[in-house]
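Residue strings, one per chain:
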Amino acid sequence: MEHLYDILNQVDGYIYPNEIALQWGILIVLYPYITGLVAGAFILASLERVFKVKVLRPTYHLALLTALAFLLVAGLPLISHLGHPLRAYEILMTPHFSSAMAIFGFVYLWYLMAVLLLEIWFDYRRDLVIWSQQSTGIKRRIYKILTLGVTDISPKALEWDEKLGYIITVIGVPSAFLLHGYVGFIFGSIKANPWWSTVMMPVIFLLSAMVSGIALVMFMYMVISRIRKVKIDMACLDEIGKFLFLVLILDFTLESLDQVHRIYEAEESFEILHLLVTGKLTYTLLIFQGLMGTVIPLLILGFFRISLPEEKVRKPLYFLASSLVLFGVFFMRWNVVIGGQLFSKSFLGFTSFKLGMVGLEGFWMALFWMILPFMILSLLLWLLPPWKKQLG
Amino acid sequence: MPVQLKTLLPLFALFILLFLIARHFLIPESFGKYGHYRADSMDEIAVLPIHYAGKSVCIECHDTEAEMLESDQHAGLSCEICHGPNAKHADDYDVKEFLVKDGSRIFCGRCHAVNAARKLENVIQVDVVEHHPEKENCTDCHNPHAVWEIKE
């Protein structure tokens, strides 16, 4: 009771009792963010494969491994938010079609097992066989296990790798769309919340996922080239920049369209949403997501479409643009998840959100879940270095 | 059939089989008896201790207070909202240690203190510090059961 009385200070206007404290904190912001990075990175990789964009070759495997590293972590913020990891399997045991969350468990498994792991396996199988013969000790054993005992690397078998890998990629594109479209669906289908409830939500989530995934691969490619002290393939970087620009325009247009639609319809919820956007979300929506995460990268990338400055200028600007996009998309998730819980469903008041530093829902925990995929990625890059693959 | 599939297909079949076996053992026995949930959970919930007896039970013995309460503005309130959950007292009236009998300014202020987040039409608000500070507790003037019965 005393506790309730204290937190009433963070409330403005009229609000229902169960809206005072936010149920979904930063971990639920991370979850769509990370899932989006997976879907985006994978879609970039499939561009190379399905649509035969040859210049993207240097980032193809990097994009796949990035997708895998982030996919392995995607569900963990959710589980850590719910706080009962030992019960996490239950949702998969008795799923129900009326529960989007339960069905997601299967979408996730399908994507992980039937798409991503298989595609990487087909891609690396020949190298795994070769590496298992060349290396020694523990690494040799790991490679051996990873081949699953399929050691045939005759041209005919390799041709099958290529063919089956291609089929998997073709299946993978709609799967990646499903994976992230679904995350948007979870929010978009909550009809009680006017900030979330729009059919555009899955599409917006998907496009911002592609934006963030492409930016992540660009970012990682530059960082890794720096660490390995190799020259960046500028043609490849320019091509990624081109796609980023394209998808960013689409994303920006759709999100603006959604807002314009809201403003023009001006339903009964409009007043409170207007107060939300101009009040509690001013920084995160207008400055972080809009200006820094969208407009500035659009200007940089758009400028490159008109005239390409020399490499010395382009590299830092690409680096800046990709970092800003990653930053902006994080705040897009923030604005959806946190923003949707800040106003009362009575449309008469607000609560506030303060991010704690420590604790299971705190900043450090979130940082941990954000760093983990990068650690997994380093491990994957050590085990399956794309640059040591034989060209063929 | 390509060599890859000769290994992968049995492997996936094995995965699915293992999943089905695990599922068989992990699903609680009573699941699905009444609907898409564990039927035993109803019994488990039913044996949880009861904390609130309810107004109708209190009234059986305390008709004076009940009549008073009905006669005035607090008629809509339940006894235990002020006296605390007391199923134990209702079972055995000698158990009185959990009975709350608080008439202080802080206690009544829980519902009546000025609070912009509440609708005025539902519960009338007074400034608990400024309102009639001559006496210390709210119940020094107001009868908690019949609130407009003011003691001088």
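Residues numbered from 1 in each chain as written. Chains lettered and ligands numbered in written order. Predicted model: local features only at pLDDT ≥ 70, side-chain atom pairs only at ≥ 80, totals over all residues. Heavy atoms only, no water.

Peer 1: Can you explain the overall build of chain A? Please cite residues and give values.
Peer 2: Scanning chain A for helices and strands turns up 15 helices and two strands. Computed over C-alpha atoms, the radius of gyration of chain A comes to 22 Å, within 12% of the 21 Å expected from 2.2 N^0.38 for 392 residues, which places it in the range of a compact globule. Summarising its shape, the C-alpha atoms of chain A cover approximately 70 × 55 × 35 Å along the three principal directions. A total of 392 residues make up chain A; the buried ones form 53% of that total. Carbon and sulfur atoms form 70% of the exposed surface of chain A, whose accessible area is close to 18,600 Å². Both charge centroids of chain A, one from 30 positive and one from 26 negative side chains, sit 14 Å from each other. (Helix = DSSP H or I, 4+ residues; strand = E, 2+ residues; numbered from the N terminus. Rg over C-alpha atoms; globule rule 2.2 N^0.38 Å. Buried < 20%, exposed > 50% of the residue type's maximum accessible area, 1.4 Å probe, protein only. Areas by Shrake-Rupley, 256 points an atom, 1.4 Å probe, with all protein chains shown as cover. Lys, Arg positive; Asp, Glu negative; His and termini not counted. Charge placed at Lys NZ, Arg CZ, Asp CG, Glu CD.)

Peer 1: Tell me about the nonpolar core, and please be specific about residues and values.
Peer 2: All names here are of chain A. If you look at the biggest cluster of nonpolar residues, it comprises 119 residues, and the most contacted ones within it are Tyr111 and Leu116. With 16 residues, helix α2 (residues 26–50) is the largest single contributor of residues to this core. Aside from chain neighbours lying at most four places away, what touches Tyr111 is Val38, Phe42, Leu71, Leu116, Gly172, Ser175, Ala176 and Leu179. (Core = buried A, V, L, I, M, F, W, Y, C linked by side-chain atoms within 4.5 Å. Contact = heavy atoms within 4.5 Å.)

Peer 1: Quick rundown of unusual backbone geometry? Include the residues and the values.
Peer 2: Residues and elements named next belong to chain A. Look at Lys229: it is not a glycine, yet its phi comes out positive at around 55°. Relative to the elements of secondary structure, Lys229 occurs in the loop between α9 (200–228) and α10 (234–265). In this structure Lys229 comes out as exposed when scored by relative accessible area, which is 74%.

Peer 1: An account of helix α3 (residues 57–74) of chain A is needed here, citing residue identities and associated values.
Peer 2: For α3 of chain A, which comprises 18 residues, the first-to-last C-alpha distance of 26 Å matches the rise-based estimate of 26 Å (1.5 Å per residue) to within 8%. The buried fraction of α3 of chain A amounts to 15 of the 18 residues, a majority that puts the element mostly inside the structure. (Expected span 1.5 Å × (residues − 1).)

Peer 1: A description of the confidence of the model for chain B should follow, citing residues and the corresponding values.
Peer 2: Taken over all residues, the pLDDT of chain B has a mean of 91, while the share at 70 or more is 99%. Across the interface, the model reports ipTM at 0.76; the global pTM reads 0.78. (pLDDT = per-residue confidence, 0-100.)

Peer 1: Got a sec to walk through the packing of α2 of chain A against α9 of chain A? Specific residues and values, please.
Peer 2: All names here are of chain A. Following both chains from N to C, one finds α2 and α9 inclined at 70°, their axes separated by 6 Å at the closest point. With respect to their mutual orientation, α2 and α9 come out roughly perpendicular. For the pair α2 and α9, contact is made by Pro32, Gly36, Leu37, Gly40, Ala41, Ile43 and Leu44 and by Phe205, Ala209, Met210, Ser212, Gly213, Ile214, Leu216 and Val217, respectively. Each residue belonging to the contact of α2 with α9 can be placed in one class, and the counts come to eleven nonpolar, four polar and no charged. (Axes fitted to C-alpha atoms, helices over the stretch in contact; angles between N-to-C directions. Parallel < 35°, antiparallel > 145°, perpendicular 65-115°, else oblique. Nonpolar A, V, L, I, M, F, W, Y, C, P; charged D, E, K, R; others polar.)

Peer 1: For the interface of chain B and chain A, give the residues involved together with the corresponding values.
Peer 2: At the interface, 22 residues of chain B touch 28 residues of chain A. When the two sides are added together, the surface that chain B and chain A hide from each other amounts to roughly 2,100 Å², 76% of it contributed by carbon and sulfur. Across the chain B-chain A interface, the total number found is zero salt bridges. The tally of links between chain B and chain A comes to five residue pairs in polar contact (both at pLDDT 80 or more). Counting residues per element, the side of chain B that touches chain A draws most heavily on helix α1 (residues 3–26) of chain B, at eleven residues. (Buried area = accessible area lost by both parts, 1.4 Å probe. Salt bridge = Lys/Arg side-chain N within 4 Å of Asp/Glu carboxyl O. Polar contact = N/O pair within 3.5 Å; in protein donor to acceptor, adjacent residues only side chain to side chain.)

Peer 1: Run through the packing of α2 of chain A against helix α8 (residues 155–188) of chain A, naming residues and quoting values.
Peer 2: Helix packing geometry: the angle between the two helix axes and the distance between the axes. For the pair α2 of chain A and α8 of chain A, the least separation of the axes is 9 Å and the interaxial angle reads 150°. The crossing of α2 of chain A and α8 of chain A is left-handed. (Left-handed = near helix turned anticlockwise from the far one by under 90°.)

Peer 1: I'd like a description of the domain arrangement of chain B, backed by residues and values.
Peer 2: All names here are of chain B. Domains assigned within chain B are domain 1 (51–100) and domain 2 (102–152). Each of domain 1 and domain 2 has a C-alpha centre, and the two are 20 Å apart. Opposite the ten residues of domain 1 that make contact, domain 2 presents ten residues. When domain 1 packs against domain 2, the two sides together hide about 850 Å² of surface, and 60% of this comes from carbon and sulfur. Of all residues in domain 1, Met68, Asp72 and His74 bury the most surface against domain 2, accounting for 50% of the area lost on that side. Along the contact surface separating domain 1 from domain 2 lie zero salt bridges. (Domains from an automatic or database assignment.)

Peer 1: Quick one: what's the story with the packing of aromatic side chains, residue by residue and with numbers?
Peer 2: All names here are of chain A. The full count for this structure, using the stated rule, is 28 aromatic pairs over all chains. Aromatic pair Tyr124 and Trp131: ring centres 6.2 Å apart, planes at 50°, arrangement tilted. Tyr124 sits in the buried class, given a relative accessible area of 1%. For Trp131, a relative accessible area of 8% puts it in the buried group. Counting every residue linked through ring pairs, the aromatic cluster contains Tyr33, Phe288, Phe327, Phe330, Phe331, Trp334 and Phe353. Taking NZ or CZ as reference, Lys163 lies 4.6 Å from the ring centre of Trp160, over its face. Over the face of the ring belonging to Phe343 we find Lys345, whose NZ or CZ atom lies 4.8 Å from the ring centre. (Phe/Tyr/Trp six-rings, centres within 6.5 Å; stacked < 30°, edge-to-face > 60°. Lys NZ or Arg CZ within 6 Å of the ring centre and 35° of its normal.)

Peer 1: Tell me about the pattern of salt bridges, and please be specific about residues and values.
Peer 2: For the structure on display, the rule yields 14 salt bridges over all chains. In this structure, Asp127 of chain A engages Lys389 of chain A in a salt bridge whose closest nitrogen and oxygen atoms are separated by 2.6 Å. Separated by 262 residues along the polypeptide, Asp127 of chain A in helix α6 (residues 100–134) and Lys389 of chain A in the segment after α15 (363–383) bring together distant segments of the chain. The closest approach of N and O atoms between Arg38 of chain B and Glu44 of chain B, which form a salt bridge, is 3.1 Å. Assessed through its relative accessible area of 30%, Arg38 of chain B is described here as partly exposed. The exposure class assigned to Glu44 of chain B is partly exposed, which follows from its relative accessible area of 44%. Each of Arg49, Asp123 and Glu162 of chain A takes part in a single network of salt bridges with overlapping partners.

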